[in-house]
Amino acid sequence: MPDKKIGVFICGCGGNISKTVDVKRLKDDVETMEGVVFMEVAQFTCSKLNLESIKKAISEHKLEGIVVAACSPHMHETLFKNVAQEAGLNPYLVEHVNLREQCSWIHEDMKKGTEKALDLIRAGVLRARELEALESTKVDINKNILIIGGGIAGITSALQLAGCGYHVTLLERYPSIGGHMAQLSKTYPTLDCSPCILAPKMADLSIHPDITLITCSEVVKVEGSPGNFQVKVSQKPRGVDTDLCLCCGKCSEECPVEVEHEFDEGLYIRKAIDKPFPQAVPPSYFIDFDNCSECGSCVEACPVEAINLEDEEKVSNLDVGIIIAATGFELLDPSSLAEYHFEHPDVISAMQMERLFINEAAEGKVLKRKSDGKRVKRIAYLLCVGSRDTNRGVAHCCKVGCTYAIKHSVQLREYFRYMDVWVYYLDIRASTRGCEEFYMRAQEEYKVNFVKSRGAEVVPSENGLIVRAEDVTAGEILDNEFDLVVLCPAILPARDTEDLAKVLKIPLGPDGFIAEKHPKLDPVSSHRTGIFAAGCILGPKDIHESVTDANSAVAKAIEFIGDGTMVIDPIKAFIIPEKCTKCGKCVPVCPVSAITIEPEAILDSYACIGCGACIPECEFKALDMNHYTEAQIMAEITGILQDKKVGEEPIILGFFGDKLAYTAADSAGTARMSYPPEIRIIRVPSAARIALKHIIFAFSKGADGVLLSDEEGGELSEVIEKRLKEYQSDMDDLGIEKDRLQFMPMLLPTFKVMPKMIDMFVKKIRRKGRIDKVKRDEVWEIFSKAS
């Protein structure tokens, strides 16, 4: 082990640490550790005075590495690295030990807490002696930006970025931009005309010189790295030249094929060649090739020869620095819920009602029942159709159902004063500014009937539709007859969101929407640098929130571009050329395709995300990783398990992925949730960095259980779980029970289950007891010879 001069700085954190950890004992013991030439304890190591003290110690004692034992490295690690750099010490020679979130805040027993803290500091010292100076590099960023999705979030983002001087390419899968907002009649709570708000923005986008619009398109492949992405785009044939089309409508008049109009939610028909909707952008017709008979009538009718029935798919390649995903949402199909009888002609969805407002009510027409043409006089809204239903729908609230039902009820009463409107709800959630007042107006001024109900169902009758539901307030079953029933269904991720996430290499949340980097502190960043999200791709939102998201994503994009360069963190994997046989086993494991082996083995450090998953795959030891080298990991394991005596409490070693699992452990500590002190957590870039060698070495050094933890459903979880089975099989062969090794998948929002899961694992290891020392030595000897 390198002979370095190490300084150790322990923080009492104003009692947050010193209350349950004996810092005086830590000081006495740490001073005797090999390599430690300076030792200091302070109440607040992060204070300006003590930061100056660190700088002074580095300079006066010529320290070659420092260990800061304080709060979580996620809190102040950057601060201490900057201080070291100001004092002339390379920032990557700073080791930050977590004594607060993962020790003092989760344990009340001072003796055990102190023992654990001592182990963590010893590990930090041994690791610090192995750390190497590293340098970050700068690369130029491509300032072009790709936005996927042309709804209100995508349109807002595009206009804002283009207005700031950036070139934007906007992709939209449908023939026109506009998204769901284009289908709406009015917006709540002000009842502004939705098309009147949206159409000018769509028009502005279409003529902006710094925006390239590509409709009927999808992203099929993304390569490269943050700041320099290469995107492959597939554009389906439109059949009509948007530059030539006059929108005269002659082609549509001649077309003999009629199909349901998707934009009007199937209430009306359109032709196989038609305009998406009146305000469509591009202002052009398109051919629905799935239904087109290719009779040629439209070609003959077009006065400017804008139609091409032999139009083909086009593939283009874009070079961009940033990607913003804004593909929106879809509504649950109520057909899957039999009790609502969605097949009945007088049971419609709320979005269909929006189209009736525009196409009929706003035109001065009365609403009529589709079943018999009679006038609609009584109408019922059923909320939470498939929402908040873990059995047959989705667990989450649609967030907008209550407020748009209130909006609809007000609109109905304004258009048709005779209309009797009822709203059946579980809970009214009108939290957006002005919506609670809007709800009160609906009741008091417009005399809308609101029924807090449970178990609403639709029963067809001779005269109409009966809504049967339990009135929770009155405590009775209501049977009310209506002419029309409107269902307010759950909001789901847009179709192919999962496919897009795979192409972008970003994880989804458990609800199927894009997982944000941090729900509070970084809500529009994905888990991949350089890729942001806005609007309902992140979850149910209203227009106001979607626009706010768009503005936030724009701010993050501009911040990311900065001066046009990006600092590349040196904590990346690297290839040792003389050891590489180009076997290729590491290639499929890399989640961002950063490794190629032909014509020569290359690891793209710009693309590499520093997870380390590739390293355990290489049996020739031709891969390693800066800042998490084999020597550094082994030193940390040694430090934690050094001098563990037989008869003591069992020791569990945890390897927690830094981005999520380690953060979840911090969150548990911040919430003061306790779990057994037997576990010592080692921070790793990902649990996929850990190889069988590390696990067997841990057992040989005194560990009695090993817990791997990383993101559940993340891009590396499959790799970890596959390896886990292989590792457990190898442990069985070596004579160590396989259930002493466990993978704990974790999601940040569910960090509260972590203490319980750790507690269960520790109790299991306690029951098994400690591993015999002879067995430990024997296992490591056998493994070392075999490998």
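A brief report on the enclosed structure follows.

So, the overall build of the chain
Okay, step 1: Regarding its fold elements, the chain presents 20 helices and 37 strands.
Okay, step 2: Each of the three principal axes of the chain carries a C-alpha extent, and together these read 90 × 65 × 55 Å.
Okay, step 3: Taking the contacts inside the chain whose residues are at least 6 apart along the sequence as the reference set, 73% of them involve residues at least 24 apart.
Okay, step 4: Across the chain, the mean location of the 93 positive side-chain charges is 5 Å away from that of the 118 negative side-chain charges.

Concerning the state of the cysteines
Okay, step 1: This model, assessed by the stated rule, comprises one disulfide.
Okay, step 2: Cys193 shares a disulfide with Cys196; S-S distance 2.5 Å. Its S-S torsion of approximately 70° makes the covalent link between Cys193 and Cys196 right-handed.
Okay, step 3: A relative accessible area of 30% means that Cys193 is categorised as partly exposed.
Okay, step 4: No disulfide involves Cys248; its sulfur sits 6.2 Å from that of Cys251, the nearest cysteine.
Okay, step 5: Overall, the relative accessible area of 40% leaves Cys248 in the partly exposed class.

Considering the environment of Asn16
Okay, step 1: Structurally, the position occupied by Asn16 is in the loop between strand S1 (6–11) and helix H1 (23–30).
Okay, step 2: C-alpha of Asn16 to C-alpha of Leu126: the two residues are 110 residues apart in sequence and 25 Å apart in space.

Considering the sheet that holds strand S25 (residues 476–482)
Two pairing modes exist for strands in a sheet, parallel and antiparallel, and in both the strands are linked by backbone hydrogen bonds.
Okay, step 1: One open sheet holds the seven strands; their spatial order is S20-S26-S21-S22-S23-S24-S25, and the pairing between them is mixed. Of all the strands in the sheet, just strand S20 (347–349) and S25 have a single pairing partner and so form its edges. Ignoring which end each strand starts from, the neighbouring axes of this sheet average 35° apart.
Okay, step 2: Of the strand pairs in this sheet, S20 and strand S26 (residues 484–489) are connected by three bridges, and their pairing is parallel. Note on S26: the bridge partner recorded for Val347 is Val485.

Some points on the pairing of strand S12 (residues 228–235)
Okay, step 1: Pairing of strand S11 (residues 217–225) with S12 involves eight bridges; the strand directions are antiparallel. Each bridged residue has a counterpart across the sheet, and for Ser225 the counterpart in S12 is Asn228.
Okay, step 2: Where S11 folds back on S12, the antiparallel hairpin that results is connected by two residues, among which Gly227 adopts a positive phi of roughly 90°.
Okay, step 3: Two strands pair when backbone bridges link them, and S12 and strand S17 (residues 314–320) are joined in this way by seven bridges, in the antiparallel orientation. Directly across from Phe229, in S17, lies its bridge partner Val320.

Considering the pattern of salt bridges
Okay, step 1: Counted under the stated rule, the structure contains 54 salt bridges.
Okay, step 2: The partner of Arg173 in a salt bridge is Asp496, with the nearest N and O atoms 3.0 Å apart. On the criterion of sequence distance, the pair formed by Arg173 in the loop between strand S7 (168–171) and strand S8 (186–187) and Asp496 in the loop between strand S27 (491–493) and helix H13 (497–504) is long-range, its members being 323 residues apart.
Okay, step 3: What makes Arg173 partly exposed here is its relative accessible area of 22%.
Okay, step 4: Note that Asp704 and Arg776 form a salt bridge whose closest N and O atoms lie 2.6 Å from each other. One end of the pair, Asp704, is in the loop between helix H17 (692–701) and strand S36 (705–711); the other, Arg776, is in helix H20 (residues 773–786), with 72 residues separating them in the sequence.
Okay, step 5: With relative accessibility at 0%, the residue Asp704 sits in the buried group.
Okay, step 6: Among the charged side chains, a salt-bridge network with shared partners connects Arg173, Glu218, Glu330, Arg495 and Asp496.

Focus on the nonpolar core
Okay, step 1: Counting residues in hydrophobic clusters, the biggest one holds 81 residues, and the most contacted among them are Val8, Ile10, Ile66, Leu99, Ile121 and Leu708.
Okay, step 2: By residue number, the principal contributor to this core is helix H5 (residues 110–130), which donates seven residues.
Okay, step 3: Excluding its chain neighbours within four sequence positions, the residues that come into contact with Leu708 are Phe655, Ala687, Ile690, Ile720, Leu724, Leu741, Gln742, Phe743 and Met744.
Okay, step 4: Among the nonpolar cores identified, the runner-up in size contains 43 residues, and Ile406, Val421, Cys488 and Ile491 belong to it.

Considering the packing of aromatic side chains
Okay, step 1: Tallied over the entire structure, the rule returns twelve aromatic pairs.
Okay, step 2: Considering the side-chain rings of Phe9 and Phe38, the 5.6 Å spacing of their centres and the 45° angle between planes classify their relative orientation as tilted. Of the two residues, Phe9 is situated in strand S1 and Phe38 in strand S2 (residues 36–42); the sequence distance between them amounts to 29 residues.
Okay, step 3: Here Trp422 and Phe482 contribute two aromatic rings whose centre-to-centre distance is 6.2 Å and whose plane-to-plane angle is 70°, an arrangement assigned as edge-to-face. A residue pair is termed long-range when its members are at least 10 positions apart, and Trp422 in strand S22 (residues 420–425) and Phe482 in strand S25 qualify at 60 residues.
Okay, step 4: Trp422 sits in the buried class, given a relative accessible area of 17%.

Notes on the packing of helix H15 (residues 630–641) against H17
For any two helices packed against each other, the geometry is given by the interaxial angle and the distance between the axes.
Okay, step 1: Here H15 crosses H17 at 25°, and the two axes come no closer than 10 Å. With respect to H17, the element H15 is oriented roughly parallel. As H15 packs across H17, the resulting crossing turns out to be right-handed. Across the interface between the two elements, Glu630, Ile633, Met634, Ile637, Thr638 and Leu641 from H15 touch Lys693, His694, Phe697, Ala698 and Lys701 from H17.
Okay, step 2: For the contact of H15 with H17, the residue count by class is six nonpolar, two polar and three charged.

A word on the sheet that holds strand S18 (residues 322–325)
Okay, step 1: Taken in spatial order, the five strands of this open sheet run S10-S7-S6-S18-S28, and their pairing is parallel. Looking along the sheet, the strands with just one partner apiece sit at the ends: strand S10 (211–214) and strand S28 (531–533). Here the strands of the sheet are splayed against their neighbours by 20° on average, with no regard to which way each runs.
Okay, step 2: As paired strands, S18 and S28 are joined by three bridges and run parallel to one another. Residue Ile324 lies in a different strand from S28, and its bridge partner there is Phe532.
Okay, step 3: Sheet contacts for H13: strand S6 (145–148), S18 and S28; angle to S18, the most-contacted strand, approximately 165°.

Cut-off values and rules
- Note on numbering: residues in each chain are counted from 1, in written sequence order.
- Per-residue local features are limited, in this predicted model, to residues with pLDDT of at least 70; the limit for side-chain atom pairs, both in listing and counting, is 80 or more; totals at the level of whole chains, interfaces and linings are taken over all residues.
- Side-chain metrics rest on all non-hydrogen atoms present in the structure, leaving aside hydrogens and water.
- Helical segments are the DSSP runs of H or I of at least four residues, strand segments are the runs of E of at least two, and each set is numbered from the N terminus.
- Residues are treated as being in contact if the distance between any of their heavy atoms lies within 4.5 Å.
- Neither His nor the chain ends is counted toward charge; the positive residues are Lys and Arg and the negative residues Asp and Glu.
- By convention, the point assigned to a charge is CZ for Arg, NZ for Lys, CD for Glu and CG for Asp.
- Note on terminology: pairs of cysteine sulfur atoms within 2.5 Å are recorded as disulfides.
- Relative accessibility decides the category of a residue: with a 1.4 Å probe and only protein chains considered, values under 20% of the type maximum give buried, values over 50% give exposed, and everything between is partly exposed.
- When DSSP finds at least two bridges between two strands, those strands are taken to pair.
- Where helices are involved, their axes are fitted lines through C-alpha atoms of the stretch in contact, as for all axes, and angles between N-to-C directions lie from 0 to 180°.
- A side-chain nitrogen of Lys or Arg and a carboxyl oxygen of Asp or Glu constitute a salt bridge if their distance falls within 4 Å.
- Put simply, buried Ala, Val, Leu, Ile, Met, Phe, Trp, Tyr and Cys residues joined by side-chain atoms within 4.5 Å make one nonpolar core.
- Note on ring pairs: Phe, Tyr and Trp rings are taken, using the six-membered ring of Trp, and paired if centres are within 6.5 Å. Classes follow the plane angle, with under 30 degrees stacked, over 60 edge-to-face and the rest tilted.
- The labels follow the angle: roughly parallel below 35 degrees, roughly antiparallel above 145, roughly perpendicular from 65 to 115, and oblique for the rest.
- In this scheme, a crossing is called left-handed if the near helix is turned counterclockwise away from the far one by less than a right angle; it is called right-handed if the turn is clockwise.
- Each residue receives one of three labels: charged for Asp, Glu, Lys and Arg, nonpolar for Ala, Val, Leu, Ile, Met, Phe, Trp, Tyr, Cys and Pro, and polar for the others, Gly being one of them.

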